[in-house]
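Topology and contacts: notes
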Amino acid sequence: MHNTRLVCDDIYWIGASDRIVARFENMFPLSDGIAYNSYLILDEKTAVIDTVDNAVGEVFLENIEYLLQGRTLDYLIVNHMEPDHCANIRNVVLRYPDVKIVGNAKTFKFLEQFYDGISSDSYLLIKDKDVLNLGSRQLSFHLAPMVHWPEVMVTYEEKNNVLFSSDAFGNFGALNGNIFSDEVEFNVNEFRRYYSNVIARFGSNVQALLKKIHALNPKIIAPLHGVVHVGSAVSSVLNLYHLWSSYQSECSGVVIAYASMYGNTAEACQKLATYLAMRGVKDIQIFDVSHTHPSYIIEKVFKYSHLVVATPNYNTRLYFPMESFLSELAFLNIQNRKMCFITNMTWGGTALAQAKEIFAKNKNIEYIAEDFNIQSSMKENQISELTCFADAILESLKEK
Ligand code: FEO
């Protein structure tokens with residue numbers, strides 16, 4: 001059964017939500033599903049902007065049929081060739097054999113890598129800033145490589161100032177009937193988790209896209225996941241993207257990420273958190289890397305200014321879940337953070353050196369306290385050392 005909503009002026013949302021899928025990209029946990037957005041424009045010519053994941057393909061195709069009311073589909077614009085958005089291209093072509101598929105050179109390269117049986121006669125190859133006339137309105141295309149894949153582009157509808165932003169400005173979470181940012185309580189934590197884990201690696205590319213977007217000055221941002229941003233939300237999400245893509249923290253606060261096999265390293269971290277709280281620090285977030293999926297910890301590291309890493313050795317080297325978390329965080333290009341380390345050496349090893357080496361190429365990572373080392377378990381005579389460790393973090397927070 002069709003299920004659509006009007007965005008504005010004959011521009012329709014024709015997406016759908018999936019609440020069954022457990023993990024986005026088979027990697028990131030989804031507690032509340034995911035929305036796959038697609039849009040249809042009715043003008044003298046008709047256009048669909050991106051398709052949807054296979055999981056919701058049926059309703060998407062019914063939505064197109066319902067809105068076209070027997071008309072043909074003239075254009076399928078492919079902003080992004082990742083299968084959560086392009087999985088239904090073949091189905092669209094089968095139903096509307098005269099449709100022109102609009103994409104750049106890389107779009108068609110990936111299209112042919114993923115799918116067989118789509119004739120290149122249907123391709124409409126565009127370059128950066130090319131314009132497509134639909135009748136009463138024009139669409140312009142703007143390449144946005146590596147936000148999130150190399151072929152990504154965004155599409156701008158100039159009559160109503162609508163930016164179809166591809167993955168950028170997307171969010172985790174299914175939609176619940178309300179699809180606009182001013183209709184819902186916006187989940188900024190999930191918005192940050194989506195950005196920091198999916199988009200963050202190539203911040204300079206995001207900055208380049210932001211420059212293009214500011215020149216376009218959109219009033220509506222319509223991403224491929226999550227709500228459509230309208231009103232004051234447009235400037236809010238642009239500001240957040242500027243902050244995150246330049247790897248600045250949003251606010252002062254301490255993330256304590258620990259690995260602990262028998263609870264001793266965890267105990268030292270709890271004690272540190274208490275000392276910080278006693279000194280008036282409000283924003284303290286403790287995570288056990290063996291328990292919490294790294295995407296949630298990474299989200300908080302992108303939010304806050306300070307990170308404490310606490311880890312035991314394991315078979316003389318870095319404990320594997322900690323290595324995995326730190327490597328991913330470093331790969332996502334985290335910068336401009338204050339860090340310090342707690343290690344637990346029972347019989348020696350290289351965990352600390354390994355942990356620091358992981359961040360060797362990340363810019364402006366500053367170590368703000370002497371490493372605090374425990375051997376197997378923290379002892380009473382180490383309390384003054386731990387209070388000094390807490391004091392050093394406090395001093396650094398004040399500077400921030
Ligand atoms: Fe939502 Fe990069 O795909």
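No experiment lies behind these values; they were computed from the predicted model shown. (Residues numbered from 1 in each chain as written. Predicted model: local features only at pLDDT ≥ 70, side-chain atom pairs only at ≥ 80, totals over all residues. Heavy atoms only, no water.)

Let's talk about the overall build of the chain
For the chain, the helix and strand inventory stands at 12 helices and 24 strands. Counting only C-alpha atoms, the chain reaches 80 × 40 × 35 Å along its principal axes. Looking at the 400 residues of the chain, the share that counts as buried comes to 57%. Long-range contacts, defined here as pairs at least 24 residues apart, represent 73% of the contacts in the chain between residues at least 6 apart. Put simply, the chain shows about 16,900 Å² of open surface, and 50% of that area lies on carbon and sulfur atoms. For the chain, the centre of its 34 positive side-chain charges and the centre of its 45 negative side-chain charges are spaced 5 Å apart. (Helix = DSSP H or I, 4+ residues; strand = E, 2+ residues; numbered from the N terminus. Buried < 20%, exposed > 50% of the residue type's maximum accessible area, 1.4 Å probe, protein only. Contact = heavy atoms within 4.5 Å. Areas by Shrake-Rupley, 256 points an atom, 1.4 Å probe, with all protein chains shown as cover. Lys, Arg positive; Asp, Glu negative; His and termini not counted. Charge placed at Lys NZ, Arg CZ, Asp CG, Glu CD.)

Brief notes about the state of the cysteines
By definition, a disulfide is the covalent link that joins the sulfur atoms of two cysteine residues. Overall, the coordinates contain zero disulfides when judged by the stated rule. Cys340 supplies the cysteine sulfur nearest to Cys388, a cysteine that is in no disulfide, at a spacing of 13 Å. (Disulfide = S-S within 2.5 Å.)

Details of the sheet that holds strand S12 (residues 131-133)
Taken in spatial order, the six strands of this open sheet run S12-S13-S14-S15-S16-S17, and their pairing is mixed. For this open sheet the edge positions go to S12 and strand S17 (229-230), each flanked by a neighbour on one side alone. Across three bridges, strand S15 (residues 162-164) lies against strand S16 (residues 220-222) in parallel orientation. Paired with Leu163 across the strands is Ile221, a residue of S16. (Pairing = 2+ DSSP bridges.)

Things to note about the pattern of salt bridges
Per the stated rule, a full pass over the model turns up 17 salt bridges. In this structure, Asp43 and Arg137 form a salt bridge, with 2.7 Å as the shortest nitrogen-oxygen distance. In this pair, Asp43 is assigned in the loop between strand S7 (39-42) and strand S8 (46-49) and Arg137 in the loop between S12 and strand S13 (138-143), connecting sequence segments 94 residues apart. We classify Arg137 as buried; its relative accessible area is 3%. Ionic contacts of the salt-bridge type, sharing partners, join the residues Asp9, Asp43, Arg137, Glu157 and Lys159 into one network. (Salt bridge = Lys/Arg side-chain N within 4 Å of Asp/Glu carboxyl O.)

Points about the side chain of Asn161
Secondary-structure assignment places Asn161 in the loop between strand S14 (153-157) and S15. A relative accessible area of 18% means that Asn161 is categorised as buried. In this structure the side chain of Asn161 is engaged in a polar contact, spanning 2.9 Å, whose partner is the side chain of Tyr156. (Polar contact = N/O pair within 3.5 Å; in protein donor to acceptor, adjacent residues only side chain to side chain.)

Topic: the sheet that holds strand S9 (residues 75-77)
Pairing is mixed in the open sheet, where seven strands are placed in the order S1-S2-S7-S8-S9-S10-S11. Edge strands, defined here as strands with exactly one partner in the open sheet, are strand S1 (5-8) and strand S11 (123-125). Adjacent strand axes in the sheet meet at a mean angle of 25° when their direction is disregarded. When S9 meets strand S10 (residues 100-103), the two strands line up parallel, connected through three bridges. Bridged to Tyr75 within S10 is Lys100. Together, strand S2 (11-13), S7 and S8 form the strand contacts of helix H1 (residues 57-68), whose direction differs from that of S7 by roughly 10°. (Axes fitted to C-alpha atoms, helices over the stretch in contact; angles between N-to-C directions.)

Structural notes on the side chain of Thr311
As for its position among the elements, Thr311 is in strand S20 (residues 304-314). Judged by relative accessible area, which is 2%, Thr311 ranks as buried. Beyond its immediate sequence surroundings of up to four residues, Thr311 is in contact with Ala259, Thr265, Leu318, Tyr319, Met322, Ile342, Thr343, Asn344 and Ala351.

Re the environment of Thr155
Residue placement: Thr155 occurs in strand S14. The buried category is assigned to Thr155, whose relative accessible area is 0%. C-alpha of Thr155 to C-alpha of Ser165: the two residues are 10 residues apart in sequence and 6.7 Å apart in space. Not counting residues within four places of it along the chain, the set of residues in contact with Thr155 comprises Ile49, Ile77, Asn79, Leu139, Ser140, Phe141, Val162, Leu163 and Phe164. Only 2.8 Å separates the side chain of Thr155 from the side chain of Asn79, close enough to count as a polar contact.

Digging into helix H5 (residues 188-199)
With 12 residues, H5 extends 15 Å between its outermost C-alpha atoms, agreeing within 8% with the 16 Å of an ideal straight helix rising 1.5 Å per residue. Buried within H5 are the following residues: Glu190, Phe191, Arg192, Arg193, Tyr194, Tyr195, Ser196, Asn197, Val198 and Ile199. Taken together, the buried residues of H5 touch strand S4 (23-24), strand S5 (28-29), helix H6 (203-216), S17, helix H7 (232-245) and helix H9 (294-303). Capping the start of H5, Asn187 holds a side-chain oxygen 3.2 Å from the backbone nitrogen of Asn189, two or three residues further along. (Expected span 1.5 Å × (residues − 1).)

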